[in-house]
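Chain by chain, the residues run as shown.
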Amino acid sequence: MNKTGFIMQLAEKLNITEEQAAQVDEIIETHPIIGKNSKLAVIAEIKEKLGTDDETAKQISDTASELIASNIRNKLLHPFGGNDEDK
């Protein structure tokens, strides 16, 4: 999946604008994927930039992480599956 596809999926799953999803993508790209401190930093930055509460920021972070994990899993299971833009 490319960056645009990720942003579109994130916007659709969270019912947010593509601009907000792009901001979330930028936040996630600036922090390491693994680690409790990085997750807390992502949540804090989402809360600050999108003006959400703690619970909403955590939900956004969790949803983005799930999308990333599922896309990595799909790529590992189907390495020659071609472009999975519609998934």
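We now turn to the structure provided with this report.

Procedures and definitions
Residues numbered from 1 in each chain as written. Predicted model: local features only at pLDDT ≥ 70, side-chain atom pairs only at ≥ 80, totals over all residues. Heavy atoms only, no water. Axes fitted to C-alpha atoms, helices over the stretch in contact; angles between N-to-C directions. Helix = DSSP H or I, 4+ residues; strand = E, 2+ residues; numbered from the N terminus. Parallel < 35°, antiparallel > 145°, perpendicular 65-115°, else oblique. Left-handed = near helix turned anticlockwise from the far one by under 90°. Contact = heavy atoms within 4.5 Å. Nonpolar A, V, L, I, M, F, W, Y, C, P; charged D, E, K, R; others polar. Salt bridge = Lys/Arg side-chain N within 4 Å of Asp/Glu carboxyl O. Buried < 20%, exposed > 50% of the residue type's maximum accessible area, 1.4 Å probe, protein only.

### Observations regarding the packing of helix α1 (residues 3-14) against helix α4 (residues 54-77)
The geometry of α1 relative to α4 is characterised by a closest axis approach of 10 Å and an angle of 135° between their N-to-C directions. On the basis of the axis angle, α1 is oblique to α4. Considering the relative orientation of α1 and α4, their crossing is right-handed. Between α1, through Phe6, Gln9, Leu10, Lys13 and Leu14, and α4, the contact on the second element is made entirely by Gln59, Ile60, Thr63, Ala64, Leu67, Ile68 and Asn71. Here the residues of the contact of α1 with α4 are counted per class, giving seven nonpolar, four polar and one charged.

### Side note on the pattern of salt bridges
For the coordinates displayed, the defined rule picks out six salt bridges. The closest approach of N and O atoms between Asp54 and Lys47, which form a salt bridge, is 3.0 Å. When the shortest N-O distance is used, the salt bridge between Asp62 and Lys58 registers 2.8 Å. Placement of both Asp62 and Lys58 in helix α4 is noted, with a separation of four residues, approximately one turn of the helix. What makes Asp62 partly exposed here is its relative accessible area of 22%. Each of Lys3, Asp25 and Glu29 takes part in a single network of salt bridges with overlapping partners.

Don't take any of this as a statement about function, it's just geometry.
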